[in-house]
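# Fold and contact review
So the chains spell out like this:
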Amino acid sequence: MEITAVKAHLLEEEVKPFTWQIDRPGSGDGRCSERSYNCLLRLLTDEGYEGHAVGRRGRIALDLVERRVGPELLGKDPLDTEFLWERIWDLDRIEEFPLYFLGLADIALWDIKGKVANLPVYRLLGGYRDRIPAYASTTSYDTEAEYLEVIDAALEEGYTSIKLHLRYRDVATNARLCRAVREHVGNSVELTLDASGIWDYQDALRFGRILEGLNFAWYEEPMREFDLESYRKLCDALDIPILAAETPDGAHWNAAEFIRRGACDIMRTSTHYKGGFTGGVKVAHLAESFGMRAEVHGGGLANLHLALAVPNNSYYEDIVIDREDIESRRLGEIPFKNGTVALPEGTVGVGWELDIDTIEQRALATVSMES
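About the thresholds
- Residues numbered from 1 in each chain as written.
- Predicted model: local features only at pLDDT ≥ 70, side-chain atom pairs only at ≥ 80, totals over all residues.
- Heavy atoms only, no water.
- Axes fitted to C-alpha atoms, helices over the stretch in contact; angles between N-to-C directions.
- Helix = DSSP H or I, 4+ residues; strand = E, 2+ residues; numbered from the N terminus.
- Parallel < 35°, antiparallel > 145°, perpendicular 65-115°, else oblique.
- Left-handed = near helix turned anticlockwise from the far one by under 90°.
- Contact = heavy atoms within 4.5 Å.
- Core = buried A, V, L, I, M, F, W, Y, C linked by side-chain atoms within 4.5 Å.
- Buried < 20%, exposed > 50% of the residue type's maximum accessible area, 1.4 Å probe, protein only.
- Pairing = 2+ DSSP bridges.
- Phe/Tyr/Trp six-rings, centres within 6.5 Å; stacked < 30°, edge-to-face > 60°.

### Quick notes on the packing of helix α10 (residues 251–261) against helix α11 (residues 276–289)
At a closest axis distance of 8 Å, the pairing of α10 and α11 adopts a crossing angle of 25°. Looking at the two axes, α10 sits roughly parallel to α11. The chirality of how α10 crosses α11 is right-handed. Contacts between α10 and α11 involve Ala 251, His 252, Ala 255, Ala 256 and Ile 259 from the former and Lys 282, Val 283, Leu 286 and Ala 287 from the latter.

### Comments concerning the nonpolar core
Counting residues in hydrophobic clusters, the biggest one holds 112 residues, and the most contacted among them are Leu 193, Phe 207, Tyr 219 and Met 267. If near-sequence neighbours (up to four positions away) are discounted, Met 267 is found in contact with Ala 244, Ala 245, Ala 255, Phe 258, Ile 259, Val 283, Ala 287, Met 292, Arg 293, Ala 294 and Glu 295.

### Structural notes on the pairing of strand β3 (residues 50–55)
Across the 6 residues that make up β3, a large majority, 5, are buried. The pairing of strand β2 (residues 35–45) with β3 spans 6 bridges and is antiparallel. The residue bridging Leu 44 from the neighbouring strand is Glu 50, located in β3. Hairpin connection of β2 to β3: 4 residues between the antiparallel strands, including Gly 48 at a positive phi of 90°.

### A word on the packing of aromatic side chains
Under the definition given, this model contains 13 aromatic pairs. The interplanar angle of 80° and the centroid separation of 6.2 Å between the aromatic rings of Phe 18 and Trp 20 together place this pair among those described as edge-to-face. Pairing Tyr 141 with Tyr 147 gives two aromatic rings, centres 4.9 Å apart and planes at 85°, and the pair type is edge-to-face. This pair shows no difference in class: Tyr 141 is buried, exactly as Tyr 147 is. Three or more aromatic residues joined by ring pairs form one cluster here, namely Trp 85, Trp 89 and Trp 253.

Below is the structure:
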């Protein structure tokens, strides 16, 4: 089998607006745009199989597909995922791909593999489980009352674990929020916190001790993830598990350095920041060999496959915006029931249901090349 055509479409998608951290460069008032520009990558083969992957920052992705990845994939066997992962990694040295692009082709290749085997991708990756608990991962809100309203809606819907994303940089303000949330939900609900790299070592240490007193289950990315020495000191100083290595470049090689330095207690992995399914599994298995969990970052079908495939992942991360958004999970793309998620019945490959004719008509731009 060989890849005979590579196509990429720039698509404008509607996004439910939400608030994110506001006092950081580039965040403006914290309100996200109602429009997102994504890339749909399509790999066509001489045997009629077609692999798909959806990526962010569509304009950048189209350029990289046209100049670098498309020419490399044409004529190759899509089942040789390790070989092609290595080729893309080598291209990265020349191009310095954005993290969110590095795994795009790999996801589409595994989509083809699943279709050839007539199996969902997670079964090919290991098939550890077919259903997994989901935690409700909040966005940011203006008031404590809004946080509590979203948390109540999530608990009513069946989530048993809640992760907070903060709104402000100030430690004291965030401490009040975390205390209010713990008091509101009681001690039986699992709480975690993602600081999104907002602090330096001193503030990260100070806030970590507050979270320990509130019995939070993990403390995620308190600092930017280039300062491994500060992460090592933080892990040594705190009892709460530190979850890290979400965003640094380097896939499993970088993850190995975090482990070697004792710079995290829980590893992050994903399809979109670790080089697709191939890279995400490499990171997860590396962590497992050191007795460490590798929690999958982010939602969507591709990350759900990864979460179902590896044994040392505990949850599927489900970003929740408001009550309406939470209640929509019952009818969403990924079936949600009793606090757990599974793939739609009959999923083959990754499982995207796409109307290609409509996509081609509404694409803002298209890159197409054939062998």
